[in-house]
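# Examination of the molecular architecture
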Amino acid sequence: MGVPVYNLLGGKLRDKLKVYANINRATNERDASGRRLIASFQQNAENALKSGFKAVKLAPFDDMKPLKTADQKQIDSDIDYAVSCVEAVRQTIGKETDLLIDVHSHLNKDLAIATAKRLEPSNLYWFEEAIDPEKYVEDTKAITDEIGQGSAGGESIFGRQGFNKIISTRALDIIMPDVKHCGGIQELRFIAAQAEIADNITVAPHNPSGPVSTAASVQVCASIPNFSILEYAYGEVPWRADLLSPAERFENGYIGVPDTPGLGHKLNETLLKKHRV
């Protein structure tokens, strides 16, 4: 039809979308114990701000030993390190920058609540997936009800039916369907509508991905009333910007919504072949 995808989803509601820089996979330097360096998280957060981002996400709990095999001393040490990392990054980026934390389901309900309370002074934009929200809906809701900051999750859930209980019980404040996993562009739009009708739950698509996934997510986000913020994988490879024509357009923490047909971009097949693995 020669029109942007958002025209097929009800039309464009905004010309630009707030984005956050996910610096997690770009942070790889480790100390002797295998933990990623707090200083590296700080440096990448600072670099993201210099690149124009106004929001940053990291997953400082990823180096935790599994709860099933770790003793209490180890658990306490791992959580202390993660909390120290959050506090250090907050100090680096200042009070005005949004800070998002992904826990990647490394905690349980009680540890999640206690840890979230420790992080309240860091003023998080959200506290993401302390536990698996699809597997533990009731415990997820208990965490949401107890903590003083937004709760987010749902990155691997498929379809409206998969999100139904989370939405109907308001187990999360913000849901994170991923256009690659939730059933595609149209299904993501349906999930967002379901959340809006239920109790105006906001939608922040999961997207630690390449530019094609980002372009698809942009089309959906431009059309949904209850959009919150979009994820952007920051600092992974220096040639990302050259994969699309026109390149992804960022300005002051926002990504522009293109007005060209389809997803709004053409893929650089030559560069893609050069970096194929």
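Let me begin by describing the structure that accompanies this report. (Residues numbered from 1 in each chain as written. Predicted model: local features only at pLDDT ≥ 70, side-chain atom pairs only at ≥ 80, totals over all residues. Heavy atoms only, no water.)

## Regarding the nonpolar core
Within the largest apolar cluster, 70 residues are counted, with the highest numbers of intra-cluster contacts made by Ile-23, Leu-58, Leu-107, Phe-127 and Ile-175. Ranked by the residues each element gives to this core, the list is headed by helix α2 (residues 72-93), at 10 residues. Setting aside anything within four residues of it in sequence, one finds Leu-58 in contact with Ile-23, Asn-24, Phe-41, Cys-85, Val-89, Leu-99, Leu-100, Ile-101 and Asp-102. Core analysis: the second largest hydrophobic core is formed by nine residues, Ala-55, Ala-152, Ile-174 and Met-176 among them. (Core = buried A, V, L, I, M, F, W, Y, C linked by side-chain atoms within 4.5 Å. Buried < 20%, exposed > 50% of the residue type's maximum accessible area, 1.4 Å probe, protein only. Helix = DSSP H or I, 4+ residues; strand = E, 2+ residues; numbered from the N terminus. Contact = heavy atoms within 4.5 Å.)

## Quick word on the pairing of strand β8 (residues 230-233)
Burial along β8 is two-sided: the residues Leu-230 and Tyr-232 and Glu-231 and Ala-233 are all buried. Strand direction decides the pairing type here: strand β1 (residues 16-22) and β8, joined by four bridges, are parallel. Bridging across to β8, Ala-21 finds its partner in Tyr-232. (Pairing = 2+ DSSP bridges.)

## Here we look at the packing of aromatic side chains
For any pair of aromatic rings, the description consists of the separation of the ring centres together with the inter-plane angle of the planes. Applying the stated criterion across every chain yields a total of six aromatic pairs. Between Phe-53 and Tyr-234, the ring centres sit 5.6 Å apart and the planes meet at 75 degrees, which makes this aromatic pair edge-to-face. Note that Phe-53 is positioned in the loop between α1 (38-50) and β2 (55-58) and Tyr-234 in the loop between β8 and β9 (244-245), a separation of 181 residues in sequence. Ring centres 4.7 Å apart and planes at 70 degrees place the aromatic pair Tyr-232 and Phe-250 in the edge-to-face group. Residue Tyr-232 is found in strand β8, and its partner Phe-250 is found in strand β10 (residues 250-251); the two are separated by 18 residues along the sequence. Using a relative accessible area of 29% as the deciding quantity, one classes Phe-250 as partly exposed. Counting every residue linked through ring pairs, the aromatic cluster contains Phe-53, Tyr-232, Tyr-234 and Phe-250. (Phe/Tyr/Trp six-rings, centres within 6.5 Å; stacked < 30°, edge-to-face > 60°.)

None of the figures reported here should be taken as evidence of function without further support.
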